[in-house]
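Descriptive analysis of the structure
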Amino acid sequence: MIRNITIADVATYPKEGIKIDNLETVNYFFGYNGCGKTTISRIIENIGPYDACKIKWTNDKKLQTLVYNSDFINKNISERIAGIFTIGENNIDAKNNIDSIKEKIYCLESNSTCIKDDIEEIYRELENNNKKFHEKMWDEKKNFNKYEKSFKGYNGSKEKFANKVIEEYNNKNIENIDEEEFRKNYNIVFSKETKTYTEIRFDTTVYSKEILFTCENSPLLGRSIVGRNDTIVSQFINAMGNSDWVHQGLNFLDEGASKCPFCQQTINDNIKSQLEKFFDTTYEKSLEEIKDINTKYMEAQRYVISFIDSIINKIQSSLDVEGIQDKYERIKNIKPKISEKFNENSHVFEKKMNNPSIVINEYEIKYTAEILRLIERDVSDINALIIKHNALVTRKDSLESELDKKIWSLFINKNMKDIKYHLSEKIKNEKLIEEKNNELVEMHGKIESRNKEINNLEKSLVSVQPTIGKINNLLKTYGFKNFYIKNINRTNQYTIVRPNGNDAINTLSEGEKSFISFLYFYFLIHGGISENDINQEKVIVIDDPVSSMDFNTSFIISALIKEIIEKPHDKTGNNPQKIRQIFLLSHNAYFFNEVTYQKHTKGKSFWLITKKENISSIKRCESNPVKKSYDLLWDEIRSAKKNPNEHSIGIQNICRRILENYFYFVGDIDLKDLPKKFQDDDRLICQSLINWTHDGSHNIQDSIITDISNNNVEAYLDIFEQIFIKMDHKKHYDKMMEN
């Protein structure tokens, strides 16, 4: 059956469309002429010409549609009418055989429906699992928001992103990615100001590491520098242990001076000569070497400090390079340390210069070679980072493509467990669907085989002749005796003729043409234009079937339609005519209320079609949307029955309007002899009601108001009911008095 219909950009329906959803087995549509009812029937019959419209069928299984509307009348009621094939009723054994096969088909179809339900349930589970997986992958993607330039083309759709994850996983091109390395490369490639940097070069004319090393390791520092031991004064000076003091004192022994600078006594030339011999050229040379070491060291340390400053300045311009910042900070922290060592060593060298005889121990020297090696290593590492950075910048375009691929590997590796679980569940469900589909194919094969059996049996039983008799019998039954249908020269076609045998198609009134066209449609539901159509499942659409018909004919049509709707199902649970769904559309309020009055309440829907400013709209209603003033009058009768004292005013007028409307305007029934069926006072009350119906009012809106006692209210209501009983219309009274 049809689940929903979308009507758009056709006739008076809007371009954005209207969706008729949650359709039931029986669907009633009420709307006045020109509001769009026939458009609905035409779309259901053939949606092909309506590109913007859609019909959704249950399980996407399209059924045969039989549509009765003005197009049907124009197409089918002509001089040659296609015959309707039906199964003859004489071959009981063959019919029983067909019924038995139909029961088997019903069982197969029931099993098939169960399998389809299972498949739909698995599909729902698949869809639910997919949605969960899409959400899970999308949430995990948030952990990769720092790589905002990645996942190009997949950042706007959860489904598209998750499908790409599966695609990459299935391609089996997953690499083990070092995320830290990936992050560094990403930052380089996608930096807003990507540029290359210059390496830091060692200036050998400035950098004096070798000089520092030589000075800090000079043998003179560990040697006591004293005078000669073979002079007269050597024993005295050595015994005193203060040759440095003596050497300093010689600076105050001027040439020609006669006093000793140490004791201020007279000194002779011999002693003076012996002192000068003690501090010979070897001694003086050693002193000069110490001075030279100190000078070179002081100069070298200034060069090194200056060099470190220049390195720091150069590094500052390349701090954007990943990994340089830490090394930059370390070099900055090294500078005060090496400066401290330089200061301590300078004091040691100065001490040695002032006291050449002392021995400088190794622990007193603060060696700088290791620190300088650390600086060299950091600078070398920085240069390596710069070289790598520059290489990445140079091949930025190709690297960007590589990173686009690697980000998927990185993401998949981090979510491998969830991906594998999702795929395993998907494979399991898809395998179940495949198995169920195989069962379904096998089931359909059996159904097709059974249907072929029925078709073969029906071919020997079907005929267009039985329909002729049935249509003609109904025509006679309902008073249409001036025309009938007959077979054309033993063909599978009909024609309409008068009792004298003349062709009647061109002389039929509109009412006659409408009535016989509906009878033809009615029996078409029970049969088919071809032998193969008889057993087809059908969707029935009936659009305004009582146009140009009088009340009696309309009543007959409504009875036939109610039979189609209410006809009991057979023992297989199916409608014998294979009717799966019915659509009824009408503008006639009386007909609509008559045909929608059903004992059952399940499986039906009501719809109201309206048109405003030439735009049609459709609204679903909880109950029948058509409640006439006639119905409202009966509301008053029901209420008066319960509480007579509240309805003393106007009850006569209400009864009169109902009688006038039902018996005169609708039924064309004369009530003038009706009072004769009542006795005494009842006759007077009946006569007053009948007289009022001749009071000159001719529509249901007229009102005559009078006041009567409570007892008279009950009396009028009682006579009102008796009128329907005596006129054999008690069923109508009972129907209208129901809540």
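Scroll up a little and you will see the structure.
The text that follows walks through the structure, step by step, so that each part is easy to find.

Reading the values: rules and limits
All chains use their own residue numbering, which begins from 1 and follows the written sequence. Two thresholds apply to this predicted model, a pLDDT of at least 70 for residue-level local features and 80 or more for giving and counting side-chain atom pairs, whereas whole-chain, interface and lining totals are computed over all residues. As a rule here, side-chain values come from all non-hydrogen atoms in the structure, and water together with hydrogens is ignored. For the purposes of this entry, the term helix denotes a DSSP run of H or I that reaches at least four residues, the term strand denotes a run of E that reaches at least two, and both are numbered from the N terminus. Contacts are assigned to residue pairs that have any heavy atoms within 4.5 Å of one another. Only buried residues count toward a nonpolar core. Its members are Ala, Val, Leu, Ile, Met, Phe, Trp, Tyr and Cys residues joined through side-chain atoms within 4.5 Å. Whether a residue is buried, partly exposed or exposed follows from its accessible area with a 1.4 Å probe, protein chains only, as a fraction of its type maximum: under 20%, in between, or over 50%, in that order. Any carboxyl oxygen of Asp or Glu that lies within 4 Å of a side-chain nitrogen of Lys or Arg is treated as forming a salt bridge with it. Two strands qualify as a pair provided that DSSP identifies no fewer than 2 bridges between them. One less than the number of residues in a helix, times 1.5 Å, gives the span that helix is expected to have. In this analysis an axis means a line fitted to C-alpha atoms, helices contributing only their contacting stretch, and an angle means the value between N-to-C directions, from 0 to 180 degrees. Grouping into patches uses exposed residues only, defined as over 30% relative accessible area, and leaves out salt-bridged ones; the cut-off is 9 Å for like charges and 5 Å for nonpolar side chains (Val, Leu, Ile, Met, Phe, Trp, Tyr). The protein chains shown are the only cover counted for residues, whose accessible areas, like all others here, come from Shrake-Rupley with a 1.4 Å probe. Positive charge is attributed to Lys and Arg, negative charge to Asp and Glu, and no charge count is given to His or to the chain ends. For charged residues, the charge sits on one atom: NZ in Lys, CZ in Arg, CG in Asp, CD in Glu. Here the arc refers to the directions that run from the helix axis out to each C-beta atom.

Attention now goes to the side chain of Asn-76. Following the sequence through the fold, Asn-76 ends up in helix H2 (residues 70-76). Contact partners of Asn-76, with chain neighbours within four places excluded, come to Ile-81 and Tyr-520.

Let us now look at the nonpolar core. Core analysis: the largest hydrophobic core is formed by 52 residues, its most contacted members being Ile-496, Phe-518, Phe-521 and Ile-561. Of all the elements, helix H16 (residues 510-526) adds the most residues to this core, at 10 residues. In this view, Ile-561 contacts Phe-518, Ile-542, Pro-545, Leu-584, Phe-591 and Val-595; residues no more than four positions away in its chain are not counted. Membership of the second largest hydrophobic core comes to 34 residues, among which are Leu-221, Tyr-297, Phe-307 and Val-348.

This paragraph deals with the pattern of salt bridges. Within the structure shown, the criterion is met by 30 salt bridges. Across the pair Lys-327 and Asp-381 runs a salt bridge whose closest N-O atoms are separated by 3.4 Å. You can see Lys-327 sitting in helix H11 (residues 324-354) and its partner Asp-381 sitting in helix H12 (residues 369-394), a full 54 residues away along the chain. For the salt bridge of Lys-428 with Glu-425, the shortest nitrogen-to-oxygen distance reads 3.3 Å. Taken as a pair, Lys-428 and Glu-425 lie in helix H14 (residues 416-459) at a separation of three residues, close to a single helical turn. In this structure Glu-425 comes out as buried when scored by relative accessible area, which is 18%.

Further remarks concern the pairing of strand E9 (residues 484-487). Burial along E9 is one-sided: Ile-485 and Asn-487 are buried, while Tyr-484 and Lys-486, pointing the other way, are not. Two elements, E9 and strand E10 (residues 493-497), share four bridges in a ladder whose sense is antiparallel. Across the sheet, residue Asn-487 finds its bridge partner in E10, namely Tyr-494. Hairpin remark: E9 followed by E10, antiparallel, with five residues in the connecting loop; positive phi at Asn-489, about 45°.

This brings us to H16. The periodicity of an α-helix, 3.6 residues per turn, causes residues three or four positions apart to be oriented the same way. For H16, spanning 17 residues, the distance from its first C-alpha to its last is 25 Å, which sits close to the expected 24 Å at 1.5 Å a residue. Counting buried positions along H16 gives 14 out of 17 residues, so the element sits mostly inside the fold.

Glancing now at the sheet that holds strand E13 (residues 604-612). Pairing between the strands of a sheet is mediated by backbone hydrogen bonds and can be parallel or antiparallel. One open sheet accounts for six strands, arranged E5-E11-E12-E3-E13-E14; its pairing is mixed. What marks the edges here is a single partner per strand, and that holds for strand E5 (64-68) and strand E14 (615-621). Put simply, the sheet's adjacent strands are angled 15° from each other on average, direction ignored. Two elements, strand E3 (residues 26-30) and E13, share five bridges in a ladder whose sense is parallel. Pairing of Phe-29 across the sheet is with Trp-607, part of E13. Sitting on the sheet, helix H18 (residues 589-596) touches E3, strand E12 (579-586) and E13, and the angle it makes with E3 is about 165°.

Let us now look at unusual backbone geometry. With a phi angle near 55°, Asn-59 is a residue other than glycine that sits in the positive phi range. Checked against the element boundaries, Asn-59 lands in the loop between strand E4 (54-57) and E5. Even without being glycine, Glu-613 reaches a positive phi, approximately 55°. Assignment of secondary structure puts Glu-613 in the loop between E13 and E14.

The subject of this paragraph is a negative patch on the surface. Taken together, the side chains of Asp-680, Asp-681, Asp-682 and Asp-718 make up a negatively charged region of the molecular surface. Of all the elements, helix H21 (residues 680-693) adds the most residues to the negative patch, at three residues. With respect to the secondary-structure elements, Asp-681 resides in helix H21. Here Asp-681 falls in the exposed class, since its relative accessible area comes to 54%.

Before going further, it helps to examine the sheet that holds E9. Strand order in the open sheet formed by three strands is E6-E10-E9, with antiparallel pairing between adjacent strands. Every other strand in the sheet has two partners, leaving strand E6 (81-82) and E9 as the edge strands with one partner each. Across the sheet, helix H15 (residues 465-477) touches E9 and E10, and the angle it forms with E9 is around 165°.

A separate point is H15. The end-to-end C-alpha distance of H15, which contains 13 residues, comes to 19 Å, matching closely the 18 Å that a straight helix rising 1.5 Å per residue would cover. For H15, the complete set of buried residues consists of Thr-467, Ile-468, Ile-471, Asn-472, Leu-474 and Leu-475. Axial view of H15: buried residues confined to an arc of 160°, hence all on one face. Counted as exposed and oriented over 90 degrees from the buried face of H15: Lys-476 and Thr-477. Taken from the residues just after H15, Gly-479 is the one with a positive phi, measuring 90°.

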